[in-house]
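This is what each chain is made of:
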Amino acid sequence: MATSWNITLNDTSPVFTYYPYYDGFGTGNGWQVWYSETGYNTVAGNPGVGISAHITSLPGANVTLSFYGTGIELHGTANCTFDVTVDGIFSSSLSTPSNVLYSNQALSEGTHSLTLTAHPTSEQQLAFENAVIYIDQAIPQMASYSNTNTTFLNYTGNWSTSTDTHVPGGTFHFTETTSSSVSTTFGGSSAVVVQGIVDWGYWQYTVSLNGTKSVLNASSFWFIPDTTLFYEGGLDPAQIYVLNIADTSEDGNKLAINSVKLYQSQPTTLPSSSKLSNTGEIIGIVVGVVVLLAFVVCFLFWQRSRRLKTVISGRNPNLLANEITPEARAVHFPALAAPYTISSATTKIRPQKFPLMPIGGSSIDDPLRERAIARGPGSATSSLGPYSEPRNNTSGWRRPLPPPPDNISSPALSLQEMHHSPRPSRLEPSVHIPDSEVDRILDIITSRMDMPERNSSSPPPQYRS
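Residue numbers restart at each chain and count upward from 1, following the sequence in its written direction. The predicted origin of the model limits local features to residues at a pLDDT of at least 70 and limits the giving and counting of side-chain atom pairs to 80 or more, whereas totals for whole chains, interfaces and linings rest on all residues. For side-chain calculations, the full set of non-hydrogen atoms in the structure is used, while hydrogens and water are omitted.

Draft legend 1. Just the packing of aromatic side chains, in detail. Each pair of aromatic rings taken from Phe, Tyr and Trp, with Trp reduced to its six-membered ring, is defined by centres within 6.5 Å and is described as stacked if the planes are under 30 degrees apart, edge-to-face if over 60, and tilted in the remaining cases. With the rule as written, the count across this model stands at 12 aromatic pairs. Consider the rings of F16 and F128, whose centres lie 5.2 Å apart with planes at 80°: the pair is edge-to-face. One end of the pair, F16, is in the loop between strand 1 (5-10) and strand 2 (17-19); the other, F128, is in strand 13 (residues 126-135), with 112 residues separating them in the sequence. With respect to class, F16 is no different from F128; both count as buried. Pairing Y18 with W31 gives two aromatic rings, centres 5.4 Å apart and planes at 70°, and the pair type is edge-to-face. Linking Y18 in strand 2 with W31 in strand 3 (residues 31-35), this pair joins segments that are 13 residues apart in sequence. Burial here depends on accessible area, computed with a 1.4 Å probe over protein chains only, as a share of the maximum for the residue type. Under 20% is buried, over 50% is exposed, and the range in between is partly exposed. W31 gets classed as buried once you look at its relative accessible area, which sits at 1%. Here the aromatic residues F16, Y18, Y22, W31 and F128 are joined through ring pairs into a cluster of three or more. Numbered from the N terminus, helices here are DSSP runs of H or I no shorter than four residues, and strands are runs of E no shorter than two.

See the structure below:
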C-alpha cells in the first residue's frame, strides 16, 4: 500500500495570505494575478484562461501558508533572489533555474507555517503558481459532495442557485446576505476541502471547524470559477467534525459554494481467515465444474462411438455417400480443407465434413444430393494446381472442377457415378496373372529391344502371334 499522498493548492486560493494585498494593478505595488493565455486583467470580473500565477516586483512582498503535512514544494519562476521561512527556520538568498522555487520533504508530520519573500531589484520579478503539500499516510479516498446535495449540506439564511459553464457541474449556491451560512457534520476523514468562487464583488467569509475559526477573503479582480476556499489536514478519522461556512461581509457582497470534499481512510481488508475460506470455496466450485464437464465430454464421446459403429456395420448409404473409393482416384481432386481420418477396416478416406456451397435459391431434386468437394478460402489452390469453379446451371450448386488427369489410364469417376457404382468388398482376393502371360509379356519386350536394323524398302515387322 502506498504511504504518501499530496494535495495541490493553486495560487488563487484564499488560504494563502498575500502581503501587501491579494490582487491589484501593477506588480511594483504588490501582487498581481496573471494568466498564461489571457495575461494581465484590465476589466474587473473577466475570466482568466491558462495557468495562473501571482507576480510581484515589489521588494519584501510575501505570501504565507499554514498547512499540515510532512513536506512541501513551491512552484513558480523567479529571476531574483528570495527567502523561505518554515517554522521560523530561515533560508536566505535562494534562486532557482527551474519551476520549483522551494522543496522540503523532511518535515515532521504536523502543522507548519511557511513564508516566501521576494527580493527583486529593477525589472526583476517573482511568479508564484502553486504549493504541493505531502503527507506520509496511506492514500485516502476522496468523497466529493456537490453544493446541490442538501442531504449532506444544510443551508440557513438566504441562499440561491445559479449556473455558469465555467463552474464544475454548472451549478453553484450563493448568498448576498450577511450571516447566511452552510454547515455539515462528518467523520472518518483526515482532511477536508471546500471549493467555491473567487470574483469581483465577493468579500469576507468565516469558516469554523469544531469551533476553530478562520477569516478569509474571496475578492479578486478576476472571475475564478473554482478554487479552494478552505483546506484543513491532520484530522482524526475517529472524531466527528462540524464544519460551518458563513458570509460575514456586508449585505450585497457574495459568497458562493461549489462542493465539499472529504479525504477518508481506505476500507479495511478482509482478515486472512476470511480470505482462506473464500479461496477454498472458489477452488471447490472450480473442481466441481471441471468434473461435470469431463463427465459430459465422456458421455458425448461414448454416444458418438456407438453411432459410428452402427453406421459401419449397417452400411447406411446416406451417411456413407461422401466416402471416396480407391477407384475414384481421389488424388484427382483438390486437397481437402476438412480434416480426415483413414480407417484400417475400410481402407477408405472419410472427410469429416463436406460443406455445401449454395449459389442460388434452387433446391436439388436428386434424393442422393450431390455434394461439393470441401475446400478452403477462395484464394486457395489444390496440391495439383489451381482450379476453377464454373456455375452448375442445372443443380443450382457450384463445386470446384479438378485438374485434368496426369498420366492415369482410367478417368476419375464423377460424384454421381461414385454414388451408383458398386463398392468393392473388403475381402476381395488379389488378381493372379498366369505364368504363360508373364512369359509372353517378356518376349514382346525383348523383341522390341532387339529389333534389327530396319530396311526402308522392306515392310514394317509384324508382331509374332
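Draft legend 2. Geometry of the side chain of Q195. Turning to its location among the elements, Q195 is positioned in strand 19 (residues 189-198). Setting aside its immediate chain neighbours within four residues, Q195 contacts D226, T227, T228, L229, I257, N258, S259 and K261. In what follows, a contact means two residues having at least one pair of non-hydrogen atoms within 4.5 Å.

Draft legend 3. Molecular detail of the sheet that holds strand 18 (residues 181-187). Judged by pairing direction, the sheet is antiparallel, and its five strands sit side by side in the order 15-18-23-20-21 without closing on themselves. Edge positions in the open sheet fall to strand 15 (154-156) and strand 21 (212-217), since each of these has one partner strand only. Each neighbouring strand pair of the sheet contributes to a mean axis angle of 20°, computed without reference to strand direction. Of the pairings in the sheet, the one linking strand 18 to strand 23 (residues 240-247) comprises seven bridges and is antiparallel in character. Of the residues in strand 23, the one forming a bridge with T185 is V242. Two strands qualify as a pair provided DSSP detects at least 2 bridges between them. An axis is simply a line fitted to the C-alpha atoms; with a helix, the fit covers only the stretch in contact. Between two such axes, the angle follows the N-to-C directions and lies from 0 to 180 degrees.

Draft legend 4. Region of the structure containing the nonpolar core. The biggest cluster of nonpolar side chains holds 69 residues, and the ones touching the most others in it are L126 and F128. If near-sequence neighbours (up to four positions away) are discounted, L126 is found in contact with W31, H54, I55, T56, T77, A78, C80, F82, L101, L116 and A118. Note on terminology: a nonpolar core comprises buried Ala, Val, Leu, Ile, Met, Phe, Trp, Tyr and Cys residues joined through side-chain atoms within 4.5 Å.

Draft legend 5. Broad picture of empty space enclosed by the protein. Here a cavity denotes grid points, spaced 1 Å and computed from the protein atoms alone, that fit a 1.4 Å probe unable to get out, and a pocket denotes an open set having protein on both sides within 12 Å along at least 5 of 7 lines; residues with an atom within 4 Å of a point are the lining. Grid points are joined across faces, edges and corners, and a volume is the space filled by probe spheres set on the points. According to the stated counting rule, one finds two cavities of 30 Å³ or more in the structure shown. What the second largest cavity holds in volume is close to 40 Å³. Together, W5, Y68, I135, Q137, S190, A191, Y231, G233 and G234 line the second largest cavity. Residue assignment for the lining of the second largest cavity shows that the elements contributing at least two residues are strand 19 and strand 22 (222-233). For the lining of the second largest cavity, a count of residues per class yields five nonpolar, four polar and no charged. Under the convention adopted here, Pro, Cys and the residues Ala, Val, Leu, Ile, Met, Phe, Trp and Tyr are nonpolar, Asp, Glu, Lys and Arg are charged, and Gly plus all remaining residues are polar.

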